Amino acid sequence: MNDLFAKITTEFETFKNEYESLMDKGVKAAGPRARKSTLELEKLLKEFRKVSVEESKK
């Protein structure tokens, strides 16, 4: 679970950096990278939900 949390944190930082590049610096190429990062976050968060439910059943 700690490894999964680290992956989520890293991916969120990636999203945050791309978002800031897009909004603050106007780097248009950062938009698709930010959207890609949200898709990866979605997968990771679903995995976290699955793992946390399994952990709570123990």
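Before reading further, recall that the structure is shown in the block above.
So, here is what we can say about the structure in this document. Every value quoted in this text rests on a predicted model; they were computed, and no experiment measured them.

Re the pattern of salt bridges
Phase 1: Summed over all chains, the structure comprises 3 salt bridges.
Phase 2: Between Arg 33 and Glu 18 there is a salt bridge, and its shortest N-O distance comes to 2.9 Å. With Arg 33 in helix H2 (residues 30-56) and Glu 18 in helix H1 (residues 2-25), this pair connects stretches of sequence that are 15 residues apart.
Phase 3: For Arg 33, a relative accessible area of 39% gives the class partly exposed.
Phase 4: We classify Glu 18 as buried; its relative accessible area is 15%.

Some words on the packing of aromatic side chains
Phase 1: Applying the stated criterion across every chain, the model contains 2 aromatic pairs.
Phase 2: Relative to Phe 15, the ring of Phe 12 lies with its centre 6.1 Å away and its plane at 45°, an arrangement referred to as tilted. A residue pair is termed a helical-turn pair when its members lie 3 or 4 positions apart in one helix, as Phe 12 and Phe 15 do in helix H1 at 3 residues.
Phase 3: Note on Phe 15: relative accessible area 23%, which makes it partly exposed.
Phase 4: Counting every residue linked through ring pairs, the aromatic cluster contains Phe 12, Phe 15 and Tyr 19.

A short note on the nonpolar core
Phase 1: One finds Leu 4, Ile 8, Leu 41, Leu 44 and Val 51 forming the largest nonpolar core, which totals 5 residues.
Phase 2: Taken together, the elements giving at least two residues each to this core come down to H1 and H2.
Phase 3: Top contributing element to this core by residue count: H2, with 3 residues.
Phase 4: Ignoring sequence-local partners within four residues, the contact set of Leu 4 consists of Leu 44, Glu 47, Phe 48 and Val 51.

About the cut-offs
Residues numbered from 1 in each chain as written. Predicted model: local features only at pLDDT ≥ 70, side-chain atom pairs only at ≥ 80, totals over all residues. Heavy atoms only, no water. Salt bridge = Lys/Arg side-chain N within 4 Å of Asp/Glu carboxyl O. Helix = DSSP H or I, 4+ residues; strand = E, 2+ residues; numbered from the N terminus. Buried < 20%, exposed > 50% of the residue type's maximum accessible area, 1.4 Å probe, protein only. Phe/Tyr/Trp six-rings, centres within 6.5 Å; stacked < 30°, edge-to-face > 60°. Core = buried A, V, L, I, M, F, W, Y, C linked by side-chain atoms within 4.5 Å. Contact = heavy atoms within 4.5 Å.

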